[in-house]
Amino acid sequence: MKRVMKVLGLLLALLVVAAGGVWYSAFGSNSPIPEGLLVPGVETVKDGFVSAFILDDKSGKAILAALQRRGLTAASVAAIFLTHGHPDHTAGCRVFPAADVYAMEADVPLVGDAAKVTHRLKDGDVSTVGDLRVEAFAVPGHTPGSAVYLAHRVLFFGDSAGASKSGEVMKAVHLFSKDPAQNVASLKALAARLQPRAAEVVELAFAHTGPLAGLGPLATFASHSP
Ligand SMILES: [Zn+2]
Ligand SMILES: [Zn+2]
């Protein structure tokens with residue numbers, strides 16, 4: 001979501017730059033556009049009379065720093081499980097060339113060029129990476145191929161849900177979701193499906209909020225949703 005805001009900001013900046021370019025041309029006093037690194041992390045690309053800027057974001061860098069603290073490198077990452085294909089979730093993939101990339105079949109088109117999906121998943125698939133067992137649940141709605149993963153007794157939701165300040169499960173953010181009604185239906189179905197296995201879930205993890213403990217908050221969400 002933050003990434004989307006950045007993109008909007010960049011588009012706005014480009015429009016401003018484009019408008020500025022036309023204005024300056026009229027007065028014939030443009031200084032030439034220098035291509036290349038403007039400042040560290042910002043690269044100028046000259047496209048006709050307009051400058052485009054490639055801005056490095058922190059994708060991958062925080063992950064690399066965390067790996068480094070554990071004496072690991074990008075090459076140590078064996079697998080990446082994509083919860084869905086939105087760019088704020090896929091942009092870091094290229095930093096890990098040795099990693100297999102798992103995603104739900106239905107979101108492979110959305111992942112596009114951001115990553116090469118090596119394992120196309122279906123609902124219920126169980127993948128094994130070393131001694132790690134990862135179970136995939138299809139939760140279409142936020143995107144057609146959104147996945148929730150159960151691994152290490154944690155349920156990873158990506159953007160399909162979040163936690164409110166008061167400790168409740170919230171549905172996916174409407175504005176960025178393909179089918180909000182389907183998102184709620186998917187979360188309710190997941191709650192029902194996992195209820196008999198509640199003891200296997202100690203934590204709910206979300207992409208853009210803090211976590212919640214246990215399966216309880218998901219069950220409560222399901223019982224309160226029409
Ligand atoms: Zn997101
Ligand atoms: Zn998303």
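Heads up: the structure comes first, above all this text.
Here, residues in each chain are numbered from 1, in the same order as that chain's written sequence. Labels are handed out in written order, letters beginning with A for the chains and numbers beginning with 1 for the ligands. Note on the predicted model: pLDDT of at least 70 is required for a residue's local features to be given, and 80 or more for side-chain atom pairs to be given and counted; whole-chain, interface and lining totals, by contrast, use all residues. Neither water nor hydrogens contribute to the side-chain values; these are computed over all heavy atoms in the structure.

(A) Here's a closer look at the coordination of the zinc ion (ligand 2). Protein coordination at the zinc ion (ligand 2): the donors are H84 (NE2), H86 (ND1), H142 (NE2) and D159 (OD), at 2.1 to 2.2 Å from the metal. Nitrogen, oxygen and sulfur within 2.8 Å of a metal are treated as its donors, or within 3.2 Å for sodium, potassium and calcium (Na, K, Ca); water is not counted, so a site can appear incomplete. Geometry is assigned from the angles between donors: four donors with all angles from 85 to 135 degrees make a tetrahedral site, four or six donors whose opposite pairs exceed 155 degrees while the rest stay between 65 and 115 make square planar or octahedral sites respectively, and everything else is labelled irregular. Taken together, the 4 donor atoms surrounding the zinc ion (ligand 2) define angles of 92 to 161° at the centre, an arrangement classified as irregular. Expressed as a motif, the donor residue spacing for the zinc ion (ligand 2) is H-x1-H-x55-H-x16-D. Between the zinc ion (ligand 2) and the zinc ion (ligand 1) the interatomic distance amounts to 3.7 Å, and D159 serves as a bridging ligand to the pair. Taken together, the positions of H86 in the loop between β4 (79–81) and α3 (87–90) and D159 in the loop between β10 (154–156) and β11 (161–163) put the pair 73 residues apart, joining distant regions of the chain. In this structure H86 comes out as buried when scored by relative accessible area, which is 17%. By the criteria applied, helices consist of DSSP H or I runs no shorter than four residues and strands consist of E runs no shorter than two, each listed in order from the N terminus. Throughout this description, buried means an accessible area under 20% of the type-specific maximum (1.4 Å probe, protein chains only), exposed means over 50%, and partly exposed covers the range between.

(B) Looking closely at the packing of helix α5 (residues 180–194) against helix α6 (residues 216–224). A fitted line through C-alpha atoms represents every axis, and for helices the fit uses only the stretch in contact; the resulting angles, taken between N-to-C directions, go from 0 to 180 degrees. Contact geometry of α5 with α6 gives a least axis separation of 9 Å together with a crossing angle of 125°. Taken as axis vectors, α5 and α6 run oblique relative to one another. Of the two elements, α5 crosses α6, and the hand of that crossing is left-handed. Where α5 abuts α6, its residues V184, L187, K188, L190 and A191 lie against L218, A219, F221 and A222. For the contact of α5 with α6, a count of residues per class yields 8 nonpolar, no polar and 1 charged. Angular relationships are summarised with four words: roughly parallel below 35 degrees, roughly antiparallel beyond 145, roughly perpendicular across 65 to 115, and oblique for the angles in between. Two helices that cross are described as forming a left-handed crossing if the nearer one is turned anticlockwise from the farther one by less than a right angle, and a right-handed crossing if clockwise. By definition in these notes, contact holds between two residues if any of their heavy atoms fall within 4.5 Å. In the scheme used here, Gly and all other residues not listed as nonpolar or charged are polar, with Ala, Val, Leu, Ile, Met, Phe, Trp, Tyr, Cys and Pro taken as nonpolar and Asp, Glu, Lys and Arg as charged.

(C) Examining the coordination of the zinc ion (ligand 1) more closely. Taken together, the protein ligands of the zinc ion (ligand 1) are D88 (OD), H89 (NE2), D159 (OD) and H208 (NE2), with distances of 2.0 to 2.2 Å. When its relative accessible area of 26% is taken as the criterion, D88 is described as partly exposed. Judged by relative accessible area, D159 falls into the buried class, the value being 11%.

(D) Quick peek at the sheet that holds strand β14 (residues 212–213). Across the sheet, which stays open at both edges, the 6 strands sit in the order β7-β8-β9-β10-β13-β14 with mixed pairing between neighbours. Among the strands making up the open sheet, the edge pair consists of β7 (126–129) and β14. Strands were regarded as paired on the criterion that DSSP finds at least two bridges between them. Sheet analysis places β10 next to strand β13 (residues 203–205), joined by 3 bridges and oriented parallel. Residue L155 lies in a different strand from β13, and its bridge partner there is L204.

Just distances and angles here, no functional claims.
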